[in-house]
Amino acid sequence: MTGLPMIWGLGLAAILFVLGLLGVLVRRNILFMLVSLEVMLNAAGLAFVVAGARWGDADGQVMFLIILTVAAAEVAVGLALALQLFRRTGSVDADAAMRLRG
């Protein structure tokens, strides 16, 4: 039994990355932007895992664990910033941050 061809895995990673990028560029809500960033990070992790599986190395899985660590830190900081933005402006719209002074 053969595994998934590498081109399919990388194609899926590319599609997910583009969808995440579109979500960051189109949406103005900070929470949706954070979710889109998570999709982009998971797409990069998927590409590493697929490439590592192709050559039979564990390097792709190690890189995915590093990406998960970075994603967890990004979520913690992003949600803290979104909470502070909501407390100060009453909105989580990215344009509301432009109105802040100081």
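Above: the structure in question.
Residues numbered from 1 in each chain as written. Predicted model: local features only at pLDDT ≥ 70, side-chain atom pairs only at ≥ 80, totals over all residues. Heavy atoms only, no water.

> Please explain helix 2 (residues 30-55) as it appears in this structure.
Residues spaced three or four apart along an α-helix face the same direction, because each turn holds 3.6 residues. Over its 26 residues, helix 2 extends 38 Å from the first C-alpha to the last, a length consistent with the 38 Å expected when each residue adds 1.5 Å. The inward-facing, buried residues of helix 2 abut helix 1 (6-26) and helix 3 (59-89). A distance of 3.1 Å separates the backbone nitrogen of L31 from a side-chain oxygen at the start of helix 2, and that oxygen is part of N29. Looking one or two residues past helix 2, G56 carries a phi angle of roughly 75°, positive in sign. (Helix = DSSP H or I, 4+ residues; strand = E, 2+ residues; numbered from the N terminus. Expected span 1.5 Å × (residues − 1). Contact = heavy atoms within 4.5 Å. Polar contact = N/O pair within 3.5 Å; in protein donor to acceptor, adjacent residues only side chain to side chain.)

> When you look at the packing of helix 1 against helix 2 in this model, what are you seeing that I'm missing?
To characterise two packed helices, one gives the angle between the axes of the helices and the distance between these axes. Axis separation between helix 1 and helix 2 bottoms out at 8 Å; the angle between their running directions is 165°. It follows from the interaxial angle that helix 1 and helix 2 lie roughly antiparallel. Read as a crossing pair, helix 1 and helix 2 show a hand that is left-handed. Together, M6, G9, L10, L12, A13, L16, F17, G20, L21, G23 and V24 of helix 1 and M33, S36, L37, V39, M40, A43, L46, A47, V50, A51, R54 and W55 of helix 2 make up the contact between the two elements. Its residues assigned to classes, the contact of helix 1 with helix 2 comprises 18 nonpolar, four polar and one charged. (Axes fitted to C-alpha atoms, helices over the stretch in contact; angles between N-to-C directions. Parallel < 35°, antiparallel > 145°, perpendicular 65-115°, else oblique. Left-handed = near helix turned anticlockwise from the far one by under 90°. Nonpolar A, V, L, I, M, F, W, Y, C, P; charged D, E, K, R; others polar.)

> Is there a simple way to explain the environment of L10 in this structure?
Tracing the backbone through its elements, the reader meets L10 in helix 1. Judged by its relative accessible area of 31%, L10 is partly exposed. For the pair formed by L10 and V49, sequence separation is 39 residues and the distance between their alpha carbons is 9.6 Å. Those residues within four positions of L10 in sequence are excluded, and the remaining contacts are A47 and V50. (Buried < 20%, exposed > 50% of the residue type's maximum accessible area, 1.4 Å probe, protein only.)

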